[in-house]
Amino acid sequence: MTVDRILQGKSREIASTTAGASLSAICSLLAERRIGAVPVLEGKTLIGILSERDVVRALALGGATALDLPVGEIMTRNVRTIGRGTSVEEAMAIMTEGRFRHLPVVEDGRMIGIVSIGDVVKARLDAQQREVEDLKSYVAGAA
Ligand code: AMP
């Protein structure tokens with residue numbers, strides 16, 4: 001199974017931000033959208049990612065004044081991305097090795113979606129469940 005299958009089951013609207021947005025605006029965005037990370041775009045180009053971990057780190061270092069900092073000062077710039085043809089297993093391995101829980105999906109230089117560790121785990125569990133059901137009906141049919 002590829003990550004494309006996961007994207008098909010998700011909303012096409014992707015929450016994103018720009019490098020000039022304030023950290024406090026990002027806190028509101030993460031809370032309102034119930035998400036853990038937000039891609040940072042310049043036009044249509046992905047230039048960074050900011051996750052709740054980055055917010056916590058900035059607050060621990062700078063206290064409440066960090067809320068006024070621009071996203072560009074805090075975000076991770078070297079973003080690992082995948083294509084829509086990447087397998088769910090590979091996406092899981094990349095997240096595990098990189099110790100992050102979000103992977104933007106990029107096609108022709110444009111971000112077309114983002115998958116989280118939660119999406120990947122759910123896809124794997126659903127696939128395993130289907131396999132169990134198929135095996136059960138195969139065994140029942142053979143009996
Ligand atoms: P997360 O586990 O996704 O909340 O992110 C943990 C850390 O990794 C944060 O510093 C993020 O900015 C960073 N991060 C998240 N996703 C990626 C990614 N796809 N590529 C590189 N860094 C990332």
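### Here we look at the layout of surface pockets
Volume-wise, the largest pocket comes out at about 760 Å³. Lining the largest pocket are 31 residues, and of these Ser-11, Glu-13, Ile-14, Gly-113 and Ile-114 lie nearest its centre. Elements with a minimum of two residues in the lining of the largest pocket: α1 (3–8), β1 (37–42) and β4 (110–116). Of the residues forming the lining of the largest pocket, the biggest block, seven residues, is contributed by β4.

### Topic: the site of the ligand
The ligand sits among 14 residues. The nearest are Ser-51, Asp-54, Thr-76, Arg-101 and His-102. One of the side-chain nitrogen or oxygen atoms of Arg-101 is found 2.7 Å away from an oxygen atom of the ligand. For the ligand, an oxygen atom lies 2.6 Å from a polar atom in the side chain of His-102. Considered on its own, the ligand offers 470 Å² of accessible surface; in the complex 92% of this is hidden by protein. Secondary-structure elements contributing two or more residues to the shell around the ligand are β2 (45–51), α3 (52–62) and β3 (102–107).

### Some details on unusual backbone geometry
Despite not being glycine, Arg-99 shows a phi value in the positive range, around 60°. Position of Arg-99 relative to the elements: it lies in the loop between α5 (88–98) and β3. Judged by its relative accessible area of 75%, Arg-99 is exposed. Here the phi dihedral of Asp-108 falls at roughly 50°; this positive angle occurs in a residue that is not glycine. Among the secondary structure elements, Asp-108 is positioned in the loop between β3 and β4. Residue class for Asp-108 comes out exposed when judged on its relative accessible area of 78%.

### Observations regarding α3
An α-helix turns once every 3.6 residues. As a result, residues three or four positions apart point the same way. Of the positions making up α3, those classed as buried are Asp-54, Val-55 and Ala-58. Down the axis of α3, the smallest arc covering the buried residues is 100°, so these residues share one side. Exposed side of α3, more than 90 degrees from the buried face: Val-56, Arg-57 and Ala-60 are the residues found there. Looking at the buried side of α3, the elements it contacts are α2 (23–33), β2 and α4 (71–74). Where α3 terminates, the next one or two residues include Gly-63, which has phi positive at roughly 70°.

Rules used throughout
Residues numbered from 1 in each chain as written. Predicted model: local features only at pLDDT ≥ 70, side-chain atom pairs only at ≥ 80, totals over all residues. Heavy atoms only, no water. 1 Å grid on protein atoms, 1.4 Å probe; cavity = no way out; pocket = protein on both sides within 12 Å on 5 of 7 lines; lining within 4 Å. Points joined across faces, edges and corners; volume = space filled by probe spheres on them. Helix = DSSP H or I, 4+ residues; strand = E, 2+ residues; numbered from the N terminus. Near = heavy atom within 4 Å. Polar contact = N/O pair within 3.5 Å; in protein donor to acceptor, adjacent residues only side chain to side chain. Areas by Shrake-Rupley, 256 points an atom, 1.4 Å probe, with all protein chains shown as cover. Buried < 20%, exposed > 50% of the residue type's maximum accessible area, 1.4 Å probe, protein only. Arc of directions from axis to C-beta. Contact = heavy atoms within 4.5 Å.

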